[in-house]
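# Per-entry structural report
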Amino acid sequence: MSFKDSVSELSVRSQSARKMAQTEEATKNAVVMPFLRALGFDVFNPSQVIPEFVSDVGTKKGEKVDYAVRIGDRIEYLIEAKSISTNLSDAQYNQLFRYFTVTEARIAILTNGIQFWFFTDIEDKNKMDTTPFFKFDLDAYDENDLKEIEKFHVERFDIEKIRSAASSMKYTRLATAYINSQWNAPDDEFVKFVARSFYEGNITKQVVEGLRPIIKRAFDDLFRQKARQKFNAVLEGSERDAAPEAEALAEEETSDIVTTQEELDAFYMIRAICSEVTPASNIHMRDQKSYCGILFENNNRKPIVRLHFNGKKFHIGVFDEAKAETRIPIESLEEIFSHKDKILETVTRYLATEPV
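Residues numbered from 1 in each chain as written. Predicted model: local features only at pLDDT ≥ 70, side-chain atom pairs only at ≥ 80, totals over all residues. Heavy atoms only, no water.

Looking only at helices and strands, one finds nine helices and eleven strands in the chain. Here the chain, with 356 residues, has 46% of them falling under the buried criterion. For the chain, the share of sequence-separated contacts (at least 6 apart) that also reach a separation of at least 24 residues comes to 52%. On the chain, roughly 18,600 Å² of surface is accessible, and the fraction owed to carbon and sulfur atoms is 50%. (Helix = DSSP H or I, 4+ residues; strand = E, 2+ residues; numbered from the N terminus. Buried < 20%, exposed > 50% of the residue type's maximum accessible area, 1.4 Å probe, protein only. Contact = heavy atoms within 4.5 Å. Areas by Shrake-Rupley, 256 points an atom, 1.4 Å probe, with all protein chains shown as cover.)

So, in structure tokens, the structure goes:
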């Protein structure tokens with residue numbers, strides 16, 4: 001079984017465990033140990049995986065961390081598991097902090113059997129960072145996430161490469177957060193910084209206030225341009241195999257069902273998004289009287305998005321795990337790209353439930 005297939009199987013186990021494995025111990029047996037197996041470890045070999053690892057920390061005696069994982073003669077991972085019903089954002093994981101300081105491990109993992117949060121010591125050597133450098137979610141992962149998680153496989157483990165990647169991911173995340181904040185509401189210093197590249201006069205407070213909406217609009221325009229470029233690139237590659245589908249749709253049209261150009265454009269955009277995790281040929285369109293459905297493998301039981309374009313205002317419908325639809329208003333088709341994560345999460349969920 002390939003690593004990708006192992007993770008897909010693990011995702012299915014995680015979904016099943018939510019119905020039964022509500023305790024921490026059940027979560028460990030149902031998901032955490034299979035997770036370690038997927039990473040190439042023999043979970044029943046104490047020279048590789050040490051459950052209930054004890055290392056006295058200061059005045060704290062007999063405290064345990066759920067697993068210590070050894071590669072060669074070094075403990076490389078410390079793992080603390082919470083019950084599958086735990087929100088990791090609210091979880092207490094003080095043992096990980098304390099054990100990280102007194103052991104040789106350089107990777108700490110916190111999990112609830114759905115999400116796996118990876119920590120190291122980028123900011124202060126031998127002191128575990130308070131924020132994870134990587135989060136892996138069995139409900140919503142893509143090819144890039146798989147490449148990152150595979151670095152922790154016993155046969156591919158290289159702590160220096162992982163730490164280098166961790167540093168890069170951390171600063172990329174911080175840069176993204178900063179850019180996003182400036183996109184939504186450019187502050188004075190950012191407006192001045194950008195203005196210096198094109199404004200020749202004195203940048204007074206009045207000038208800043210006048211340029212702020214212009215710079216925000218420039219962000220929006222740039223995003224639309226990039227989104228359109230990606231859409232066009234995928235459209236060029238897929239329009240030939242999409243043509244027969246469009247013709248079939250045309251043949252099926254009645255006086256009550258008309259597939260509009262906007263619906264076709266939106267379909268190609270969603271295909272472009274989904275092509276990151278699955279072949280574009282898996283994404284199909286089926287028009288209905290009240291909405292236009294975008295389906296995975298042309299299966300009505302696997303809806304990805306619904307296009308509600310028949311009224312005065314456009315809405316798209318996205319789906320949660322229970323396939324409950326949430327309608328989101330959009331002003332332009334390009335806004336579909338801003339819901340990329342939710343669309344990919346839905347497709348990834350269908351991929352995870354496919355038979356191996």
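After presenting the structure, the write-up continues.
This brings us to unusual backbone geometry. Of all residues except glycine, most have a negative phi; of all peptide bonds, most are trans. A positive phi angle is found at Asn-126, which is not glycine, with a value near 70°. One can find Asn-126 in the loop between strand E5 (115–119) and strand E6 (134–137). With a phi angle near 65°, Lys-323 is a residue other than glycine that sits in the positive phi range. Mapping Lys-323 onto the fold places it in the loop between strand E10 (314–319) and strand E11 (325–330).

On to the sheet that holds strand E2 (residues 64–71). Strand order in the open sheet made by the six strands is E1-E2-E3-E4-E5-E6, with mixed pairing throughout. Where the open sheet ends on each side, the last strands, each with one partner, are strand E1 (49–54) and E6. Averaged over all adjacent pairs, the angle separating strand axes in this sheet is 25°, with direction ignored. Along the sheet face, helix H4 (residues 143–150) touches E5 and E6 and points at about 115° away from the line of E6. (Pairing = 2+ DSSP bridges. Axes fitted to C-alpha atoms, helices over the stretch in contact; angles between N-to-C directions.)

Here we take up helix H9 (residues 340–352). With 13 residues, H9 should cover 18 Å at 1.5 Å per step; its first-to-last C-alpha distance of 18 Å lies within 8% of that length. If you check which residues of H9 are buried, you get Ile-343, Leu-344, Thr-346, Val-347, Thr-348, Arg-349, Tyr-350 and Ala-352. Its buried side turned inward, H9 meets helix H1 (3–20), helix H8 (261–274), strand E8 (292–296), strand E9 (303–308) and E10. (Expected span 1.5 Å × (residues − 1).)

Turning our eyes to something else, we now look at the sheet that holds strand E7 (residues 283–287). Spatially, the five strands line up as an open sheet ordered E7-E8-E9-E10-E11, and their pairing is antiparallel. Only two strands of the sheet have a single neighbouring strand rather than two, namely E7 and E11. Strand after strand, the sheet turns through a mean of 20° between neighbouring axes, direction not considered. Bridge count between E10 and E11: six bridges; the pairing is antiparallel. Bridge pairing links Phe-314 to Ile-330 in E11. Strand contacts of H8: E7, E8, E9 and E10, with the helix running at about 155° to E7, the strand carrying the most contacts. The strands touched by H9 are E8, E9 and E10; relative to E9, the strand with the most contacts, the crossing angle is about 140°.

All right, on to the side chain of Thr-346 then. Secondary-structure assignment places Thr-346 in helix H9. Of the residues examined, Thr-346 reaches a relative accessible area of 0% and is grouped as buried. Here the side chain of Thr-346 touches Phe-319 through a polar contact of 3.4 Å, landing on its backbone oxygen. Here Thr-346 is in contact with Pro-303, Ile-304 and Phe-319, once residues within four sequence places are set aside. (Polar contact = N/O pair within 3.5 Å; in protein donor to acceptor, adjacent residues only side chain to side chain.)

What follows deals with the environment of Ile-283. By the element assignment, Ile-283 lies in strand E7. Residue classification places Ile-283 among the buried positions, given a relative accessible area of 0%. Counting along the chain gives 20 residues from Ile-283 to Pro-303, while the straight-line C-alpha distance between them is 9.9 Å.

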